[in-house]
Amino acid sequence: NNENAVGYRNKRCWPRDCRMRLLKRDVNLGRAIFWDIKNRLPRSVTTLDWDNSFVSVFSADNPNLLFDMCGFEVRIQSLSAKRTTIVGGGAAPSTTTYKDGVWNLQNESTKEVTAQAHLRVEEEAVQAFDNRIRQILMSSGATTFTKIANKWNTALIGLMTYYREAVLNTQELLDLLVKNENKIQTRIKIGLNSKMPSRFPPVVFYTPKELGGL
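These figures come from a predicted structure and were not determined experimentally. (Residues numbered from 1 in each chain as written. Predicted model: local features only at pLDDT ≥ 70, side-chain atom pairs only at ≥ 80, totals over all residues. Heavy atoms only, no water.)

> Mind showing me how you'd approach helix H1 (residues 24–40) here?
Residues that lie three or four places apart on an α-helix share one face, since the helix turns once every 3.6 residues. Under the 1.5 Å per step criterion, the end-to-end length of H1 is 24 Å for 17 residues, consistent within 8% with the ideal 24 Å. Here H1 has its buried residues at Asp26, Val27, Gly30, Arg31 and Phe34. When H1 is viewed along its axis, its buried side chains cluster within an angular range of 135° and face the same direction. More than 90 degrees from the buried face of H1, the exposed residues found are Arg25, Asn39 and Arg40. (Helix = DSSP H or I, 4+ residues; strand = E, 2+ residues; numbered from the N terminus. Expected span 1.5 Å × (residues − 1). Buried < 20%, exposed > 50% of the residue type's maximum accessible area, 1.4 Å probe, protein only. Arc of directions from axis to C-beta.)

> I'm lost on the pattern of salt bridges in this one. Help?
Pairing between side chains becomes possible if they bear opposite charge and their charged atoms approach one another. This structure, assessed with the given rule, holds seven salt bridges. The residue Arg25 makes a salt bridge to Asp61 at a minimum N-O spacing of 2.7 Å. One end of the pair, Arg25, is in helix H1; the other, Asp61, is in the loop between H1 and strand S1 (64–69), and 36 residues separate them in sequence. Judged by relative accessible area, Asp61 falls into the partly exposed class, the value being 31%. Across the pair Asp36 and Arg40 runs a salt bridge, and its minimum N-O distance is 2.9 Å. Taken together, the positions of Asp36 and Arg40, both in helix H1 and four residues apart, correspond to about one turn of that helix. Because the salt bridges share partners, they merge into one network encompassing Lys11, Asp68 and Glu73. (Salt bridge = Lys/Arg side-chain N within 4 Å of Asp/Glu carboxyl O.)

> How should I be thinking about the packing of helix H4 (residues 145–163) against helix H5 (residues 171–191) in this particular structure?
The description of two packed helices rests on the angle between their axes and on the distance between the axes. At a minimum axis separation of 10 Å, H4 and H5 run at an interaxial angle of 170°. By the criterion of interaxial angle, the relationship of H4 to H5 is roughly antiparallel. Only Leu173, Leu177, Asn180, Glu181, Ile184, Arg187 and Ile188 of H5 make contact with H4, whose side of the interface consists of Phe145, Ile148, Ala149, Trp152, Leu156 and Leu159. Here the contact of H4 with H5 is composed, by residue class, of ten nonpolar, one polar and two charged. (Axes fitted to C-alpha atoms, helices over the stretch in contact; angles between N-to-C directions. Parallel < 35°, antiparallel > 145°, perpendicular 65-115°, else oblique. Contact = heavy atoms within 4.5 Å. Nonpolar A, V, L, I, M, F, W, Y, C, P; charged D, E, K, R; others polar.)

> Mind showing me how you'd approach the side chain of Ser140 here?
The topology assignment puts Ser140 in the loop between helix H3 (123–138) and H4. Of note is the side chain of Ser140, whose polar atom sits 3.0 Å from the side chain of Arg187. The contacts of Ser140, once residues within four sequence positions are left out, are Ile148 and Arg187. (Polar contact = N/O pair within 3.5 Å; in protein donor to acceptor, adjacent residues only side chain to side chain.)

> For this particular structure, what's the right way to read unusual backbone geometry?
With the exception of glycine, the majority of residues adopt a negative phi angle, and the majority of peptide bonds are in the trans configuration. Phi angles above zero are rare outside glycine, and Cys70 is one such case at about 55°. Assignment of secondary structure puts Cys70 in the loop between S1 and strand S2 (72–78). Residue class for Cys70 comes out exposed when judged on its relative accessible area of 57%. One non-glycine residue with positive phi stands out, namely Arg164, at about 50°. Its place among the elements puts Arg164 in the loop between H4 and H5.

> Where do I start with the pairing of strand S5 (residues 102–106) in this structure?
Consecutive side chains along a regular strand alternate between the two faces of the sheet. Strand direction decides the pairing type here: S5 and strand S6 (residues 113–121), joined by five bridges, are antiparallel. When the sheet's bridge partners are listed, Val102 is paired in S6 with His118. Connecting S5 to the antiparallel partner S6 that follows it, the hairpin turn spans six residues, and Lys111 within it adopts a positive phi of roughly 65°. (Pairing = 2+ DSSP bridges.)

Put into structure tokens, the structure is as follows:
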């Protein structure tokens, strides 16, 4: 039976065909590894919780290795697994992706690109950025609009310089940026007692400070 697959966590942030396939052999191996590692750790120091853990198994049926680290969701895809995929009786050609947010992983000795790492921003980091913008808006009070714009610029620059190209692969974060930018602009307009579009052309918000913008 496949009862061990019930309750096995998965990385739902990735498309369905890129997640771990919950096959009986891989699920049993993942659970066995988790309990083995958990039993090795002294309980007086720390412990692992199954509900907050995820064990990704790389195998012939699971060509993606999934994990999160330092705010990034990472999916390492083996190119050799792609090459051995059988399509219509013949081997499918290797499809290598070239775009921002995808890193080529090279074999140091042969210089062959053996895998690709796909990056995106994890859900907790997206929520943390949203909470930061909400804090800026809630604590603004009678703050001048230049200070509000400064706080927004600082939060946005901090986000982009840390996550860089991973932001482009995270549609939820891109949507959140647009929504929060509109909130900040609305807050500035309210502070000036006007929301007339003719009084706030985009140039007011997007011009550099050196030229009198926000």
